[in-house]
Amino acid sequence: MPYHFPILYTPAQPHAFGAVTICYSAVRGKVGAIYMSGRVKRALHAVHQAIRPGGAYHLDTYHALTPVRFQPCTVGSGRRLNLFIPNIERSRMYGGQKTAFRFFTALLDACGGDARILVEQPCDAHQLEVLREQYPDWQIIGAGEQSAAARQIVILDPDTRERAQLPVRPLDYFVYTYWTGAYALAQYEAFQREAFGRATPHIHLIQDFEPGFKAWSADYLLADSIYHQPNTIAVFNSVELKDWFDRLGYGFTSSYVFSPKLDPDIAKHLHDVPADHAREKLLVFYGRPSIPRNCFPLIVNALNLLLTRHPEVSREWKILSIGSSIGKITLADGQRLQTAGKMTLDDYAALMHRASVGVSLMCSPHPSYPPLEMAAFGITTITNSFVTKDLSAIPHITSLDALSIEGLANAIWQAMQADPHADDGKPYPPNYAHYLEYTDFFDGIIDPLCREVLTDAEAARNGD
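The notes below deal with the structure included here.

Cut-offs applied
Residues numbered from 1 in each chain as written. Predicted model: local features only at pLDDT ≥ 70, side-chain atom pairs only at ≥ 80, totals over all residues. Heavy atoms only, no water. Phe/Tyr/Trp six-rings, centres within 6.5 Å; stacked < 30°, edge-to-face > 60°. Helix = DSSP H or I, 4+ residues; strand = E, 2+ residues; numbered from the N terminus. Buried < 20%, exposed > 50% of the residue type's maximum accessible area, 1.4 Å probe, protein only. Arc of directions from axis to C-beta. Contact = heavy atoms within 4.5 Å. 1 Å grid on protein atoms, 1.4 Å probe; cavity = no way out; pocket = protein on both sides within 12 Å on 5 of 7 lines; lining within 4 Å. Points joined across faces, edges and corners; volume = space filled by probe spheres on them. Nonpolar A, V, L, I, M, F, W, Y, C, P; charged D, E, K, R; others polar. Lys, Arg positive; Asp, Glu negative; His and termini not counted. Salt bridge = Lys/Arg side-chain N within 4 Å of Asp/Glu carboxyl O. Axes fitted to C-alpha atoms, helices over the stretch in contact; angles between N-to-C directions. Left-handed = near helix turned anticlockwise from the far one by under 90°. Pairing = 2+ DSSP bridges. Polar contact = N/O pair within 3.5 Å; in protein donor to acceptor, adjacent residues only side chain to side chain. Expected span 1.5 Å × (residues − 1). Right-handed = clockwise from strand over helix to strand, strands pointing away.

1. Brief notes about the packing of aromatic side chains
The geometry of an aromatic ring pair is captured by the separation of the ring centres together with the interplanar angle, meaning the angle of the planes. Per the stated rule, a full pass over the model turns up 24 aromatic pairs. Aromatic pair F209 and F245: ring centres 5.6 Å apart, planes at 75 degrees, arrangement edge-to-face. Taken together, the positions of F209 in the loop between strand 8 (202–206) and helix 8 (218–226) and F245 in helix 9 (residues 239–248) put the pair 36 residues apart, joining distant regions of the chain. Among the residues examined, F245 registers a relative accessible area of 0% and is labelled buried.

Structure below.
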């Protein structure tokens with residue numbers, strides 16, 4: 001049959017501004033009789049405000065970067081670990097946030113001392129009550145409150161930062177993982193030097209190359225600036241990611257690396273069904289339209305090409321997007337793309353046992369969790385390579401060196417024809433030897449990292 005490629009999906013669908021190209025003069029108000037929805041009018045007004053001479057640019061564009069302000073802590077002087085993290089509500093902790101919290105608690109167990117969790121997102125009264133129930137051994141403290149409590153939770157959202165000054169001790173050590181939080185905390189070192197004559201090193205848990213999230217932009221430069229801060233102890237979540245930073249020439253005071261592990265809350269479901277159980281003709285893919293590095297438009301267009309070239313797929317297979325809501329999207333066969341959105345880990349594990357083929361792309365040197373998780377459950381998984389990243393040695397994973405719509409469509413079709421048990425029993429490569437079975441989630445780095453913190457604290461007490 002003749003090849004007919006459907007209209008390309010773009011992230012703006014189904015709320016696209018429409019196939020209307022409006023030049024700069026239109027932005028200046030000379031649109032004429034072109035029909036525009038209220039959404040388009042508001043967008044054009046925002047552009048007009050941004051580009052006109054003396055335009056209305058406001059600093060609150062970077063509200064998330066609102067700097068933390070500090071004051072000397074007048075109660076308690078012992079060593080304290082601080083974690084700055086977007087959220088700690090357990091039912092909403094996934095992926096990187098969950099790893100960051102696990103890392104923080106492991107370091108705290110090893111080092112001892114006081115601890116404080118700084119929550120980057122605002123919490124209402126109900127959410128605070130949930131945190132009290134989930135963390136009964138921790139006290140929720142006001143951002144500017146002087147408290148000697150050994151375990152503190154402080155809500156430190158941008159609005160609160162504008163009103164309150166966070167108490168800081170001479171031996172406060174900060175741990176963070178997201179660049180916005182790192183940027184907001186960046187002035188702590190200058191404050192400690194001025195107030196106490198000495199600054200502590202901070203620990204940056206690096207879980208991706210975050211400047212790439214906003215490539216070639218002001219945000220890129222701001223995120224990159226975090227990697228140039230002095231006194232940074234870098235901890236890398238994957239060898240591939242560390243290799244990327246080494247390749248780009250970044251340098252840190254010291255650095256550590258561990259390889260990803262399967263989340264224990266998922267791993268407990270690995271053997272819920274027999275290894276040779278029958279799987280459904282179900283393709284699942286990690287679909288997050290709002291996250292460019294997950295390449296949602298590329299996947300959807302590859303599926304459209306697949307359905308156009310192989311109409312039998314529409315009759316025999318189910319296609320399901322997971323990871324987030326996606327809006328209304330009609331595929332080339334006329335069916336609406338189904339989504340499970342963001343799932344509980346129990347439901348996610350059950351789905352992994354059902355599916356036969358998985359697709360999870362990540363335009364980044366970080367391996368990411370979903371392709372590793374899909375493969376761990378025996379799903380024939382397609383992902384992509386990226387400079388220092390190549391997961392093709394991992395059982396059940398096909399890693400594409402070059403991504404195109406045609407290439408991905410072909411890879412999916414081949415995966416649908418493949419023997420799902422072909423890689424059963426294949427060993428994991430050395431970097432992932434302990435992905436499924438481990439006694440130490442962080443590959444032995446916690447103890448030497450703790451020694452580095454304790455050595456610095458001892459030097460501070462000795463006036464060094």
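2. Section: helix 8
When helix 8 is considered as a whole, its buried residues turn out to be D219, Y220, A223, D224 and I226. Burial along helix 8 is one-sided: seen end-on, the buried residues are contained in an arc of 140 degrees. Residues of helix 8 that are buried make contact with strand 7 (172–176), helix 6 (179–184) and strand 8.

3. Thoughts on the layout of surface pockets
The volume enclosed by the second largest pocket comes to roughly 530 Å³. Lining the second largest pocket are 23 residues, and of these A275, A376, F377, G378 and H396 sit closest to its centre. Residues belonging to the lining of the second largest pocket are distributed by class as follows: eleven nonpolar, seven polar and five charged.

4. Some points on the side chain of E373
As for its placement among the helices and strands, E373 is situated in helix 14 (residues 369–376). The side chain of E373 sits in the buried core without any salt bridge; K98 is the nearest counter-charge, 8.6 Å away. Apart from residues lying up to four places away in sequence, E373 is in contact with L262, I266, Y348 and Y435.

5. Description of the packing of helix 3 (residues 95–111) against helix 16 (residues 446–461)
Here helix 3 crosses helix 16 at 60 degrees, and the two axes come no closer than 9 Å. Read as a crossing pair, helix 3 and helix 16 show a hand that is right-handed. Contacts between helix 3 and helix 16 involve F103, A106, L107, A110 and C111 from the first element and I446, D447, L449, C450 and L454 from the second. The residue makeup of the contact of helix 3 with helix 16, split by class, is nine nonpolar, no polar and one charged.

6. Some words on the sheet that holds strand 9 (residues 232–237)
Spatial ordering of the open sheet is given by 4-5-3-2-7-8-9-10, a layout of eight strands whose pairing is parallel. Here the strands that pair on one side only, and so sit at the sheet edges, are strand 4 (139–141) and strand 10 (254–258). When the angles between neighbouring strand axes are averaged without regard to direction, this sheet yields 20 degrees. Where strand 9 lies against strand 10, five bridges are found, and the strand directions are parallel. Looking at the pairing, F236 lines up with V257 of strand 10.

7. Points about the sheet that holds strand 15 (residues 380–384)
Spatially, the six strands line up as an open sheet ordered 13-12-11-14-15-16, and their pairing is parallel. In the strand order of this sheet, the two ends are held by strand 13 (338–341) and strand 16 (397–400), each with one partner. Neighbouring strand axes in the sheet, compared pairwise and without regard to direction, differ in orientation by 25 degrees on average. Relative to strand 15, strand 14 (residues 357–359) runs parallel, the two sharing three bridges. By the bridge assignment, G358 is partnered in strand 15 with T381. Along the sheet, helix 11 (residues 296–309) makes contact with strand 11 (282–287), strand 12 (318–323) and strand 14, crossing strand 11 at roughly 155 degrees.

8. Some remarks on unusual backbone geometry
Unusually for a residue other than glycine, S368 sits at a positive phi of about 70 degrees. Structurally, S368 can be placed in the loop between strand 14 and helix 14. Phi angles above zero are rare outside glycine, and V387 is one such case at about 55 degrees. Relative to the helices and strands, V387 resides in the loop between strand 15 and strand 16.

9. Re the environment of N294
Secondary-structure assignment places N294 in the loop between strand 11 and helix 11. Judged by its relative accessible area of 1%, N294 is buried. Here the alpha-carbon distance between N294 and M362, two residues 68 residues apart in the chain, equals 4.8 Å. Here L361 takes part through its backbone oxygen, which lies 3.1 Å from a polar atom of the side chain of N294.

10. Digging into helix 3
The terminal C-alpha atoms of helix 3, which comprises 17 residues, lie 24 Å apart, in line with the 24 Å expected from a rise of 1.5 Å per residue. Along helix 3, the positions that sit buried rather than exposed are G96, Q97, K98, T99, A100, F101, F103, F104, L107, L108 and C111. Where helix 3 ends, the next residue or the one after it, G112, has phi of about 70 degrees, a positive value.

11. Quick look at the pairing of strand 9
Of all six residues making up strand 9, six are buried, and the element is well covered by its neighbours. Sheet topology note: the strand 8/strand 9 ladder contains five bridges and is parallel. Bridging across to strand 9, L205 finds its partner in V235. Between the parallel pair strand 9 and strand 10, the chain is carried across by helix 9, and the sense of this crossover is right-handed.

12. Observations concerning empty space enclosed by the protein
According to the stated counting rule, one finds one cavity of 30 Å³ or more in the structure shown. Approximately 50 Å³ is the volume attributed to the largest cavity. Residue lining of the largest cavity: C73, R80, R116, I141, G142, E145, Q146, S147, Q152, V154 and P167, and that is the complete set.

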